[in-house]
Amino acid sequence: MTREISLNDLMEVHENNERILVDVRSPGEFEEGSIPGSINIPVFDNEERAEIGTIYKQVGSEAAKERGLEIFSAKLPEFVKAFKELERPVSVFCWRGGMRSKTAATTTELMGVDVNRLTGGIRTYRQWVVQCLESFDFTPELLVLNGYTGSGKTLILNQLKEEGYPIIDLEKMAGHRGSIFGQIGLEPSNQKKFDSLLITELRKLKNSPYILIEGESRRIGRVHMPDFLHEKKENAPQLFLDLPAEERVKNILKDYQPDQTPDQFMEAFEKIERRIHTPISREIRALLTNRDYEEAVKLLLIYYYDPRYEHSISSQDGSHTFIQAESMEEAYEKVKAAADSFRLSASRQH
């Protein structure tokens, strides 16, 4: 009989990199959210899963099982080969810890793979994530990096992360840059995926005296951050980065690359068009139509983003430190120095 593993044991061996986690659900289910760090070796692809589901509803469970067996049997050699190529002990899971993970574990174990399966499937994991976020004891201090749109905040945080600074990139987890144009070129996360990624990072950094994050609103694209994190962010020390407008325009054009997705850029603009003074909005529309993105972005900053940002920072409760820089290189060095100073203070208090 295939060995089973509890969720607590699974998380421990996964964090210690002792076993590879394999999600055997369909690629579509995997994309909607899985256990971070897992890989997808599906028993059925999206179309096969849909077909079996239709048979289950219209004919019955026995007919669905027979069709599922027929489909899986044809791909069994390739399926087992994919597991063997991992060359590591494996833990498999599906939605409820039912037929798919049981079939996957049984067949691969018969072929010599060191495998067990998660009791209760990913549904158990999802329940655990929700409970963790509701009761998480978040002790690190936060240092929040704010800045006008286009200030390169995410780029700076990623550079600091490469140097070993404790960073949580909320925008990356959300698959969204946090503005009306923020989804362009990205794949937005749903709440399940965001929560899973967030709790994974929070657990990794739970013993750090401090964490650097970007100043996001409660809602980021399709997802929202948990109350405890948002409240702590609002009351944390705030860094405000101020770069010249021309530097910010360069950053935005490099990040968003509107010439690659002109239709999406225009669609996003149409959502805010009425909030901008009519003569200016007409000028921006004309510039976007003519693909003069540099001038269009400059006007968007002056007449839409900067005024809104100035209003939002006035509501911040934490202590404020303003950082002025003429270039991204200068901005990075100044933010890094502020982080080093904050680290010493947080370490003494931790």
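Residues numbered from 1 in each chain as written. Predicted model: local features only at pLDDT ≥ 70, side-chain atom pairs only at ≥ 80, totals over all residues. Heavy atoms only, no water.

Undergrad: Got a sec to walk through the packing of helix H6 (residues 121-135) against helix H9 (residues 191-204)? Specific residues and values, please.
TA: Closest axis-to-axis distance for the H6/H9 pair is 10 Å, and the angle between their directions is 60 degrees. The pairing of H6 with H9 is recorded here as oblique in orientation. Between H6 and H9 lies a crossing whose hand is left-handed. Contacts between H6 and H9 involve Tyr125, Arg126, Trp128, Val129, Cys132 and Leu133 from the first element and Gln191, Lys192, Asp195, Ser196, Leu198, Ile199, Thr200, Leu202 and Arg203 from the second. Here the contact of H6 with H9 is composed, by residue class, of 8 nonpolar, 3 polar and 4 charged. (Axes fitted to C-alpha atoms, helices over the stretch in contact; angles between N-to-C directions. Helix = DSSP H or I, 4+ residues; strand = E, 2+ residues; numbered from the N terminus. Parallel < 35°, antiparallel > 145°, perpendicular 65-115°, else oblique. Left-handed = near helix turned anticlockwise from the far one by under 90°. Contact = heavy atoms within 4.5 Å. Nonpolar A, V, L, I, M, F, W, Y, C, P; charged D, E, K, R; others polar.)

Undergrad: Let's hear about the packing of aromatic side chains: which residues, and what values?
TA: Scanning all chains against the criterion turns up 10 aromatic pairs. Summarising the aromatic geometry, the rings of Tyr210 and Phe342 are spaced 5.8 Å apart at their centres and angled 75 degrees between planes, so their arrangement reads as edge-to-face. Linking Tyr210 in strand E8 (residues 210-214) with Phe342 in helix H15 (residues 328-349), this pair joins segments that are 132 residues apart in sequence. A relative accessible area of 2% means that Tyr210 is categorised as buried. Residue classification places Phe342 among the buried residues on the basis of a relative accessible area of 15%. Note on Phe240 and Phe322: the rings are 5.1 Å apart at their centroids and 25 degrees apart in plane angle, and the pair reads as stacked. Within this pair, whereas Phe240 is found in strand E11 (residues 238-242), its partner Phe322 is found in strand E12 (residues 320-324), the two being separated by 82 residues in sequence. Linked through ring pairs, Phe72, Phe79 and Phe83 together constitute an aromatic cluster. It is Arg177 that lies over the ring of Tyr256; its NZ or CZ is 4.2 Å from the centre. (Phe/Tyr/Trp six-rings, centres within 6.5 Å; stacked < 30°, edge-to-face > 60°. Buried < 20%, exposed > 50% of the residue type's maximum accessible area, 1.4 Å probe, protein only. Lys NZ or Arg CZ within 6 Å of the ring centre and 35° of its normal.)

Undergrad: Before we move on, can you summarise the side chain of Arg25 with the specific residues and values?
TA: With respect to the element layout, Arg25 can be found in the loop between strand E2 (20-23) and helix H2 (27-32). At a separation of 2.8 Å, a polar atom in the side chain of Arg25 contacts the side chain of Asp23. (Polar contact = N/O pair within 3.5 Å; in protein donor to acceptor, adjacent residues only side chain to side chain.)

Undergrad: Would you mind going over the sheet that holds E2 in detail, with residue names and values included?
TA: Spatially, 5 strands are ordered E1-E5-E4-E2-E3 in an open sheet, and the strand pairing comes out parallel. A single partner strand is all that each edge strand has here, and the edge strands are strand E1 (3-5) and strand E3 (39-40). Contacting E1, E2, strand E4 (90-93) and strand E5 (115-118), helix H1 (residues 7-15) crosses the sheet at an angle of about 80 degrees to E1. (Pairing = 2+ DSSP bridges.)

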